[in-house]
Structures are given as C-alpha cells and as structure tokens.
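# Chain and residue survey
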Amino acid sequence: MRFYGLPIDNATYCAKMKAALAKDPSFHQTIGAIRVEWPEQTKAKVSFRKKDDKAEHPAYLVMEQSAGAWKIVEESDLVTDANLKCMNSADETTLTGTIDDGAFIWHDTVTPTTVLTLTSPICVIRSGEDDWGGGGDDRMDGVDSLTLLLDEKVKPPPKGTKVRVKVSHAQPHSGSGHYSTELLVFVTSVTPAP
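The text that follows walks through the structure, step by step, so that each part is easy to find. Keep in mind that what you see is a predicted model, and the values were worked out from it rather than measured.

### Quick notes on the overall build of the protein
Regarding its fold elements, the protein presents two helices and twelve strands. Taken from N to C terminus, the helices and strands of the protein fall in the order β-β-α-β-β-β-β-β-α-β-β-β-β-β. Counting across all 194 residues of the protein, residues that qualify as buried make up 39%. Counted over contacts in the protein with a minimum sequence separation of 6, partners at least 24 positions apart contribute 52%. Here the protein displays about 10,700 Å² of accessible surface, and carbon together with sulfur accounts for 53% of that area.

### Brief notes about the environment of His57
Structurally, His57 can be placed in strand β6 (residues 56-66). When the C-alpha atoms of His57 and Leu78 are compared, they prove to be 7.5 Å apart, with 21 residues separating the residues in sequence.

### Side note on a nonpolar patch on the surface
Residues Ile31, Ile34, Val36, Trp38 and Trp70 make up a contiguous nonpolar surface patch of roughly 540 Å² in combined accessible area. Assessed through its relative accessible area of 41%, Val36 is described here as partly exposed.

### Brief notes about the packing of aromatic side chains
Within the structure shown, the criterion is met by two aromatic pairs. Their ring planes at 85° and their centres at 5.4 Å tell us that Phe3 and Tyr13 sit as a pair that is edge-to-face. With Phe3 in strand β1 (residues 2-3) and Tyr13 in helix α1 (residues 10-23), this pair connects stretches of sequence that are ten residues apart. Accessibility assignment for this pair places Phe3 and Tyr13 in one class, buried. Over the ring of Tyr60 we find Lys45, and its NZ or CZ is 4.3 Å from the ring centre.

### Concerning the nonpolar core
Core analysis: the biggest nonpolar cluster contains 13 residues, and Leu95, Leu116, Leu118, Ile122, Leu146 and Val165 have the highest contact counts within it. Put simply, the parts of the chain that give this core at least two residues each are β8 (94-106), β9 (109-126), β10 (139-150), β11 (162-170) and β12 (184-192). In this structure Leu118 touches Leu95, Thr96, Gly97, Val143, Asp144 and Leu146, once residues within four positions along its chain are discounted.

### Some thoughts on unusual backbone geometry
Most of the time, phi is negative for any residue but glycine, and the peptide bond is trans. In this structure, Ala67 takes a positive phi of about 55° despite not being glycine. Relative to the helices and strands, Ala67 is located in the loop between β6 and β7 (69-77). Judged by relative accessible area, Ala67 falls into the exposed class, the value being 84%.

Rules of the game
Residues numbered from 1 in each chain as written. Predicted model: local features only at pLDDT ≥ 70, side-chain atom pairs only at ≥ 80, totals over all residues. Heavy atoms only, no water. Helix = DSSP H or I, 4+ residues; strand = E, 2+ residues; numbered from the N terminus. Buried < 20%, exposed > 50% of the residue type's maximum accessible area, 1.4 Å probe, protein only. Contact = heavy atoms within 4.5 Å. Areas by Shrake-Rupley, 256 points an atom, 1.4 Å probe, with all protein chains shown as cover. Patch = residues over 30% accessible without salt bridge, like charges linked within 9 Å, V, L, I, M, F, W, Y side chains within 5 Å. Salt bridge = Lys/Arg side-chain N within 4 Å of Asp/Glu carboxyl O. Phe/Tyr/Trp six-rings, centres within 6.5 Å; stacked < 30°, edge-to-face > 60°. Lys NZ or Arg CZ within 6 Å of the ring centre and 35° of its normal. Core = buried A, V, L, I, M, F, W, Y, C linked by side-chain atoms within 4.5 Å.

Structure below.
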C-alpha cells in the first residue's frame, strides 16, 4: 500500500501503527462525514475529516476489491498530498541547510531528533484549526526547519555542518502548530556543502 506517499508492506504499516499507539495509548481520533467516490467499479476513495485533541486533517483511504475482498491500498491526507506536490517531485529534491539538534513534539511526547535548518524556506500547506487560528481554512506557509528521518545507511553529520540532503518523501502531520517542526522528511543521502 501507499502510506502518505510512501510504498510500504503490510508488516511495516502495522508496526508503525502499533509503535505510535504504544507511545501514546490515550490517543484517539473522531471522524466526520464520510464521502465515497467510485473511480472504478472495484475501487473506492473514502474521504473524511479526522480530528484529535491537537489538529484536524482532511484525510482519505483508497480501497480496492480483489478476489471478492476489499483491502485498503492507500492512506493519506490532503495536507500531505499538497506538501508533496509543493516540494515539486520530492524524489528528486535536494535541500541545503545546517544540521542541528532538535526535538519533535507529537501529542506532548518530546523526542530528541536531528533537524535541518534550511538555507531557503520551502512552502507547506496547512489545513484545519491550529495555533495560527486557521479556523478550518487552508493556508500556505514557509517552513525553515525540518525534522529528518535518516536512512539506516545515512549517519547524521556533526552539529553545525552545512549539508545538502536528497529527499525521498515527506511524512504526514504537518498541519498543526503544536509541532516543533512542520514537516518530516526522509533523507536518502547527505553531502557536505561549501
């Protein structure tokens, strides 16, 4: 399936969900009105707004029928899709910045992580109620720092190092001001910059 733009297998998907719930067992979401579109007879796109105590996102699931059974083949939200489009072919995007120490805040859980402070901000679409008083209206903002998800083969350079990073894909949960950095980016390679 595709999980917020990233192809993953079922075991990886389940492991991600279990790990997220283990970190915050009290986490819950409510889902608003559901809309179903039928691009094909054996394919359905189920759209809805999901809301927790931090943010609200316009989300969707894509389902396909195979051998008489319906299976989820994609999960994402419109904010993530807009960010991926905004980054203009993320598979080929190279970002320049300085490596720093930081923290990612998700549902009041602070996780130390590596942050890239960008030389030039990138644009990010926000949606739903947030710290900026979005009131449900979508808006675009410039983001000047990113939480890095590094490939196992990529080691983070020392703090203060100027680098160029090759971006593979963006991750979700970028719409709320409750988070210390607005976009999670998976990095496939790091090159020192002059």
